[in-house]
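Structural description and commentary
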Amino acid sequence: MISGAGIEDKRRDGDGKNLPPPRIRKREILQRAFGDAYALVEPTLKAGEVMTPYVIKNVTGEDLMLKLDNAFESPPNAANGKIKLSVGDTLPLKNKEGPKLRRQASVIKASTASDEKKMIFQVFNATREVTIKRAEKRLFHVETKTGDQWAIVCDTQTSLGQRTVTFRSSVQVMNHLTVPVDVFFKDASGNLPISSVSPEELFSLLLHTIYTQSAQFMFKPIKDGCDELSDPISWKGAENMGLKQLMCKAGPGHEPFYFKVRADIETVYYETGDTPSAKSTTFHLYPTVILHNLLPYKVKVLLQGTEDNFELDRGSNIPLDHACVGKTNIEITIPEYQGMEWIGRRLPGSGYT
């Protein structure tokens, strides 16, 4: 019988160095983690590289002029506390170094005392003040040079050691399809391209593409055979759109591409006030049908009326890009089960996924 008190717990790393016992190592890790949290340490990305505590982005489609809070370090290209933030630019900002704390001073109190920052942004002839304090979204109305009212959303997101402030429009597109999608807007001169949106990308539409007479947008998945744009949708009245199926017609030898679009209306704050009452709209693009094979067998899939004919392994799923809800029958075959071939057909309804 061996007594536990007589066993020496020694562990070594890959270099042969002794490691402390597991409980001590865990305690040290927790101490460092709590210490970092209390001190609000800026997390490092790489050795010698520090994440800046503030990042400002401009995806409005219009150039902005910023006047920064005196608590920020002045960027090299700033003049009299002002800096131009061009379309698509990203501006990292650091805090000015304050006095060092006494040993007995509260790190939490000192780090949160100057937690609130302010800046003024100017677009066209309008100036607005932004307070950076917590994760939130605020909508600011600005007047253009022609006297029109446009809306800019100041979207503040927080992560460990960093706040990201994005100036954007109040209309976005989220692409849940497996292929990129070209987005177009409609104005007096016709249908004009805005940008391509990658799968799982959230894209903010540019201000000048939103405030047109039609307020309409079209989509075209980037896939062989998709030659025409979808029917238009509008951000005006989008809360009443529901779930809508769109189609892009295909050229000879190809099938039409079908997808769904749904408008998500989020309430955000106005530039002043503590009650969310302004609106920000996100159009989500989804496949019309996603086929999941939860059987323990491989199956064959056929879309009737199309040339789509493929096998789907067990546990796999696939979007059916050419399935029109309410019209396209799906035929599923189990080639071999109990010595027989099994075939089933289904017409997807509006709520089918």
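Residues numbered from 1 in each chain as written. Predicted model: local features only at pLDDT ≥ 70, side-chain atom pairs only at ≥ 80, totals over all residues. Heavy atoms only, no water.

1. So, the pairing of strand 21 (residues 257-270)
Sheet topology note: the strand 11 (residues 136-143)/strand 21 ladder contains two bridges and is parallel. Within strand 21, the residue paired with Leu139 across the bridge is Tyr270. Both strand 20 (residues 243-248) and strand 21 contribute to a ladder of six bridges, which runs antiparallel. What sits directly across from Cys248, in strand 21, is Phe257. Note: strand 21 against strand 22 (residues 278-287), 10 bridges, orientation antiparallel. Bridging across to strand 22, Lys260 finds its partner in Tyr286. (Pairing = 2+ DSSP bridges. Helix = DSSP H or I, 4+ residues; strand = E, 2+ residues; numbered from the N terminus.)

2. Observations concerning the environment of His284
In this fold, His284 is placed in strand 22. As for His284 and Val173, which are separated by 111 residues in sequence, their C-alpha atoms are 6.0 Å apart. Once you skip the residues sitting within four places of it in the chain, His284 turns out to touch Met174, His176, Lys260, Val261, Arg262 and Asp264. Among the polar contacts listed, one links the side chain of His284 to the side chain of His176, at a separation of 2.9 Å. (Contact = heavy atoms within 4.5 Å. Polar contact = N/O pair within 3.5 Å; in protein donor to acceptor, adjacent residues only side chain to side chain.)

3. Looking at unusual backbone geometry
Negative phi characterises most residues that are not glycine, and trans characterises most peptide bonds. A positive phi angle, close to 65°, is found at Glu200, a residue other than glycine. The residue Glu200 is located in the loop between strand 16 (190-197) and strand 17 (202-204) in this model. For Glu200, a relative accessible area of 51% corresponds to the exposed category. For Ala215, which is not a glycine, the phi torsion comes out positive at approximately 55°. Tracing the sequence through the fold places Ala215 in the loop between helix 3 (207-210) and strand 18 (216-221). (Buried < 20%, exposed > 50% of the residue type's maximum accessible area, 1.4 Å probe, protein only.)

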